[in-house]
Amino acid sequence: MDHTLGSFWGLLWTLTPLCLPPQGVHGFFPNFWSRAMAFAWGSVTHQDMTEEAVLSVTLRLFTEMPHPEGKRIREEDFEDRTLLADDIFAAFFGPKLSAKRFRGALAQVANANAAMDFLNTTRDDPVLHFDSELIHSANAWLLQARKEVLQAVRSEQYGIAREKLGQLLHTLQDFYSHSNWVELGHRHIHPHLLKPGREIKSIAEADIHTCSSCSFWTCEGNLLESLAAKGLLTTGYYGTKPEKPKGKCSHGGKFDDSRHRDPYGGINKDSSSVFFSPHHYLHSEAAALAQEASTHFLETLWREIGNKQLMRLLDISPATGLSFVVDTTGSMGEEINAAKSQARKIIDSRRGTLQEPDFYLLVPFNDPDFGPMLKTSDPRKFWEFLDTIHPLGGKDEPEMCLSALELALQNSPPYSEIFVFTDASAKDAHLKNSVEALIQEQKCKVTFLITEDPSRTRVKRETLAPDRFNLYINLAHSSGGQIIFTNNENIRRVTEIIGESSISSVTLFYHQKGASFSLGGSPKRMRRQATKQEVLPFWIDSLVNKVVMTIQGAVWAFAIQDPTGSTQNSASDRGPLAEIQSIGGIYRVLLSSPVRAGEWTLRLHSKGNYSVHIQGQSTLDFLHYFAVQVDGRHPGLLKMESSPIEGVPAFLVVTATGLSRPDSGSVELQAVNLAGKTGSLGELRLQRDPNKTDLFVAELPPSLLVNGSFSVILRGVDGEGRKVERAAPQVATVAGSLLELSRDTPVFPGKPVSIAWKLTNPGPLKQYDLKASSVPRLPVNISSSRLQLGLNETAAGQITLHIPGAAAPGSVVTITLQASSLHPAEEPAFAHIHLLVMPPSPVHNLSLPFCNLSRADGSCGPSQPRCHTRHWTATLRIWDEAGVSSVQAGGGVVVPHQADGLAESVSYTSDCCLQEATLVVTNRLGEKYRCRVEAPLEVSGKVVAMLPDVPSKGVAAVITNRWWVLVALLVSCLAL
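Residues numbered from 1 in each chain as written. Predicted model: local features only at pLDDT ≥ 70, side-chain atom pairs only at ≥ 80, totals over all residues. Heavy atoms only, no water.

1. Let's talk about the overall build of the protein
Right, so step 1: What the protein contains, in helices and strands, is 20 helices and 41 strands.
Right, so step 2: Considering the protein as a whole, with its 976 residues, one finds that 57% of them fall into the buried category.
Right, so step 3: At a minimum sequence separation of 6, the contacts of the protein that also span at least 24 residues come to 73%. (Helix = DSSP H or I, 4+ residues; strand = E, 2+ residues; numbered from the N terminus. Buried < 20%, exposed > 50% of the residue type's maximum accessible area, 1.4 Å probe, protein only. Contact = heavy atoms within 4.5 Å.)

2. Some points on the nonpolar core
Right, so step 1: Within the largest apolar cluster, 77 residues are counted, with the highest numbers of intra-cluster contacts made by Phe 93, Tyr 176, Leu 313 and Ile 316.
Right, so step 2: Mapped onto this core, the elements with two or more residues apiece are helix 3 (46–64), helix 4 (85–93), helix 5 (100–115), helix 6 (135–154), helix 7 (158–178), helix 9 (283–305) and helix 10 (307–313).
Right, so step 3: Contact partners of Ile 316, with chain neighbours within four places excluded, come to Thr 58, Leu 61, Phe 62, Phe 89, Phe 93, Phe 102 and Met 311.
Right, so step 4: Counting 36 residues, the second-largest nonpolar core is a separate cluster that includes Leu 543, Leu 638, Ala 698 and Leu 700. (Core = buried A, V, L, I, M, F, W, Y, C linked by side-chain atoms within 4.5 Å.)

3. Description of the pairing of strand 19 (residues 679–685)
Right, so step 1: Both strand 18 (residues 668–676) and strand 19 contribute to a ladder of 6 bridges, which runs antiparallel. Note on strand 19: the bridge partner recorded for Gly 676 is Gly 679.
Right, so step 2: Counting the residues between successive antiparallel strands, the hairpin from strand 18 to strand 19 contains 2 residues. (Pairing = 2+ DSSP bridges.)

4. As for helix 13 (residues 401–410)
One full turn of an α-helix is made of 3.6 residues, so residues set three or four places apart face in the same direction.
Right, so step 1: By the criterion of burial, helix 13 is predominantly enclosed, with 10 of the 10 residues buried.
Right, so step 2: For helix 13, the full list of buried residues reads Cys 401, Leu 402, Ser 403, Ala 404, Leu 405, Glu 406, Leu 407, Ala 408, Leu 409 and Gln 410.

5. Notes on the sheet that holds strand 6 (residues 445–451)
Through backbone hydrogen bonds, the strands of a sheet pair up, either in parallel or in antiparallel fashion.
Right, so step 1: The 6 strands lie next to each other as 4-3-2-5-6-7, forming an open sheet whose pairing is mixed. A single partner strand is all that each edge strand has here, and the edge strands are strand 4 (374–376) and strand 7 (483–486). Each neighbouring strand pair of the sheet contributes to a mean axis angle of 15°, computed without reference to strand direction.
Right, so step 2: Across 6 bridges, the pairing between strand 5 (residues 417–422) and strand 6 is parallel. Note that in strand 6 the partner of Phe 419 across the bridge is Thr 447.
Right, so step 3: Each of strand 2 (322–327), strand 3 (360–365) and strand 4 touches helix 12 (residues 379–387); the most contacted strand, strand 3, lies at about 15° to it. (Axes fitted to C-alpha atoms, helices over the stretch in contact; angles between N-to-C directions.)

6. Points about the sheet that holds strand 31 (residues 812–823)
Right, so step 1: Judged by pairing direction, the sheet is antiparallel, and its 4 strands sit side by side in the order 29-27-31-32 without closing on themselves. Here the strands that pair on one side only, and so sit at the sheet edges, are strand 29 (786–789) and strand 32 (829–836). On average, each strand axis in the sheet is inclined to that of its neighbour by 25°, with strand direction left out of account.
Right, so step 2: Sheet strands in contact with helix 14 (residues 432–442) are strand 31 and strand 32, and its direction is about 65° off that of strand 32.

7. Quick look at the pattern of salt bridges
Pairs can form between side chains of opposite charge whenever their charged atoms are close.
Right, so step 1: Scanning all chains against the criterion turns up 37 salt bridges.
Right, so step 2: The salt bridge involving Arg 60 is made with Glu 75; its shortest N-O contact spans 3.6 Å. Highlighted residues: Arg 60 in helix 3 and Glu 75 in the loop between helix 3 and helix 4, separated in sequence by 15 residues.
Right, so step 3: Given the relative accessible area of 26%, Arg 60 is considered partly exposed.
Right, so step 4: Here Glu 75 falls in the partly exposed class, since its relative accessible area comes to 33%.
Right, so step 5: Residues Glu 243 and Arg 261 are paired through a salt bridge, measuring 3.0 Å at the closest nitrogen-oxygen approach. Here Glu 243 is found in the loop between helix 8 (225–230) and helix 9, whereas its partner Arg 261 is found in the loop between helix 8 and helix 9, with 18 residues between them in sequence.
Right, so step 6: Using a relative accessible area of 39% as the deciding quantity, one classes Arg 261 as partly exposed. (Salt bridge = Lys/Arg side-chain N within 4 Å of Asp/Glu carboxyl O.)

8. Let's talk about the packing of helix 4 against helix 5
Right, so step 1: Their axes nearest at 10 Å, the elements helix 4 and helix 5 cross at an angle of 140°. Relative to helix 5, helix 4 is oriented oblique. Read as a crossing pair, helix 4 and helix 5 show a hand that is right-handed. Contact residues: Ala 85, Asp 86 and Phe 89 in helix 4; Phe 102, Arg 103 and Leu 106 in helix 5.
Right, so step 2: Here the contact of helix 4 with helix 5 is composed, by residue class, of 4 nonpolar, no polar and 2 charged. (Parallel < 35°, antiparallel > 145°, perpendicular 65-115°, else oblique. Left-handed = near helix turned anticlockwise from the far one by under 90°. Nonpolar A, V, L, I, M, F, W, Y, C, P; charged D, E, K, R; others polar.)

9. A few points about the environment of Leu 791
Right, so step 1: Position of Leu 791 among the secondary structure elements: in the loop between strand 29 and strand 30 (793–802).
Right, so step 2: Through-space distance from the C-alpha of Leu 791 to that of Leu 765 is 5.9 Å; in sequence the pair is 26 residues apart.
Right, so step 3: Not counting residues up to four positions away in its chain, the partners in contact with Leu 791 are Asn 761, Pro 762, Gly 763 and Pro 764.

10. Some remarks on the packing of aromatic side chains
One pair of aromatic rings is described through two measures. These are the centre distance and the angle between the planes.
Right, so step 1: Scanning all chains against the criterion turns up 20 aromatic pairs.
Right, so step 2: Between Phe 130 and Phe 175, the aromatic rings sit 5.1 Å apart at their centres with planes inclined by 70°, giving edge-to-face as the arrangement. Placement of Phe 130 in the loop between helix 5 and helix 6 and of Phe 175 in helix 7 is noted, with a sequence separation of 45 residues between them. Here the two residues Phe 130 and Phe 175 agree in accessibility, since each one is buried.
Right, so step 3: Taking the centre distance of 6.4 Å and the plane angle of 20° together, the rings of Phe 538 and Trp 600 count as stacked. Here Phe 538 is found in strand 9 (residues 532–540), whereas its partner Trp 600 is found in strand 14 (residues 598–617), with 62 residues between them in sequence. Neither residue differs from the other here; Phe 538 and Trp 600 are each classed as buried.
Right, so step 4: Following the ring pairs from residue to residue traces out a cluster consisting of Phe 62, Phe 89, Phe 92, Phe 93 and Phe 102.
Right, so step 5: Here the basic side chain of Arg 303 rests over the ring of Trp 302, its NZ or CZ set 3.7 Å away from the ring centre.
Right, so step 6: Sitting over the ring of Trp 383, Arg 344 keeps its end group 4.1 Å from the ring centre. (Phe/Tyr/Trp six-rings, centres within 6.5 Å; stacked < 30°, edge-to-face > 60°. Lys NZ or Arg CZ within 6 Å of the ring centre and 35° of its normal.)

Spelled out as structure tokens, the structure:
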């Protein structure tokens, strides 16, 4: 079955933009797919600007950093060249090391940036896109986001920092597209934007008209000349939330409803398309400034955090971290000593080199405890903690292995390798699905090193099931790691695989016969039993070296054959093809370099179950994610945080690494194959993005996305027409439901937290059970624990908890939500969200939020029998450094608010039956305070304006009464 995108792309090229479904754009186009959907092939996207800024700063970092081998990197060597991540990485680290982690971090920042245009909680928020003249609030949000990036970096929570960095860059970039900064004649970035201690002034206030109507798609000259004369900033309004005031500019574009409200037209410079951007003729200038601003911010961030932390933020390292999950029960003495020995070797041999791990993680476990976890970038601190780990009492099975592994996965960077040492089965097997979900989310490999204690097996033979390690086998396979069975005598030699582990390794072949297998028996004893020969062909391409084969289980002999027909059997420790090591029933085969490209053959003589794992080193590899096409206001491809959903159309986005290296420049990538348990589910033709040489996309028909799991295999040919294959290490699982979590305000010690959840059922009627939990364990409440959803129905709600007052700034609370389908029964869906605890904001009286009555209309008498026929309106101006998020009256009624220069204004209207009201204002930090308003009273022909009440909650409560008395006296005088 061959699915191609040819007809799809042909249709895109021939259709006109007027035939597109209703959709619109906020900000520059999100990512590469937006260009195809909008036919704006020359447009610069958020993805383009973000990647270019990161690469520019990385190159500058490499030119200033001392190289361990004395190499010198020069910026002029990259002049007049398109900056490519692989090229910059290879210039510093050499051509043989993979840039996969760096590319993954770059993608995480870019995807977080693009998601601002897609997610329900961010896509329509005018503050996050510099819309609706909320310039002051948008800059306040940028400054808060900057604090969160810095806090996450200093707390070594780099994944959270990358997500927030992508969001920050999106909002920063939108300023130059949505404001009139470029139209004012500026050809440099705004000097005060995103600068702590600086304030953006000269903002058009609510009563200042900014635009005239435009009758054509191109709206040149529709900004009023008075703005340029006074140097006033404005931004366009989008849609109806908030409603565009009279005389103000629209965002504009084909799908912006506000453009039909006088004045007509718009001012956005999001794209080069006349249909989407009324000021399309200034797109290049706006994009250039947006990219310059992004680069400037990254450089400023770099100078503040230093070289090492910038490298860790961007995962600029060829080496993976060192992550151990260690069983500490009494029988684990040899295993713990082996782990210590291998850790010491790695620390000592790699310190100060390019291969030095950039983080160290350790999670001990036993029964009934696990933890505490240590994660550090300091090898000395890691070694001191590891050296305190000793075997404790207790030798009984099972142990809390999966709880410890789950904690390690939650705190490991993407593409990490985690090594689990144990000799016992899992007591917490119910966490299997949660662990698998984290493995897929983090793209981590998990390798189990299992030692079986013969004395314990003899004593409790009747209670220890032979298949008790099948859970570990399945987890290792689904993660792309290994499971190695050994014994105390050989554990030290086996742990050498940890030192060999490298991010440059790629999986070439994996085969497993049977689920249950452990230590291999004596070869001589197995020969006397009936054996079976099996033939396993595997392919090694021309871009692979350092190939290692691991064979274990009931195998007593084997032979390998290279593409020329030369053979070597397991009896020869050293031969022309390989060095063969036998370690207590485990065979490790190291193929001789250079490895001959072509089809190899492995012939095995086995009696029972076994496994074969073959990996090699290569810079040619790939990253991938699943995405859905978004056709709403923000066209593009949204990266799914979950697995693909059964029956829902999706795309597979592939980023190839190493394509630009000299030894792989002639590789042509052609297709991806989805390999299920029973064979191929289908081969999908890859379509390359015209603007990028290493970015590909393939459409996944819904018919392929059925319940089950599959592997993603990338296929192509080298310069001589020979096949090249790469398999993604992790197995993808199709989910039956879509579960999402979101949070839009910072988290502070001692404060309540609310997290929004959404569950979508794309299939037939289902009954769900919802469970929420947190790490560390805190009381967690969920709005609904049982619900029923029909076809394509969605439910939403809240998860609430209280952050302890003693929570340390920089600590992280991880929330996990599990949605289990009770009827029909299916694998549960999982969603995770990581909450970074921020330090409380310092309070300064003069900068606290407060509201002030600026205008009162209408009046009410003390007693009116027909009160519903008369109305009054109170207009307030609200100053809040963090920006106003919402204003509500009694009963949760939303009161509209709009920008008014450096403040925001709120107009509350009521009839005279209700002559006072309390407005609850929530700022962008989630803090609440009250403003009380009263109807003006008509007494003896005079109208007396009533004053707002003193804020009584949140930080505003500390404003002194004397300050409010002065404000009250001043307003009273003005009213009289």
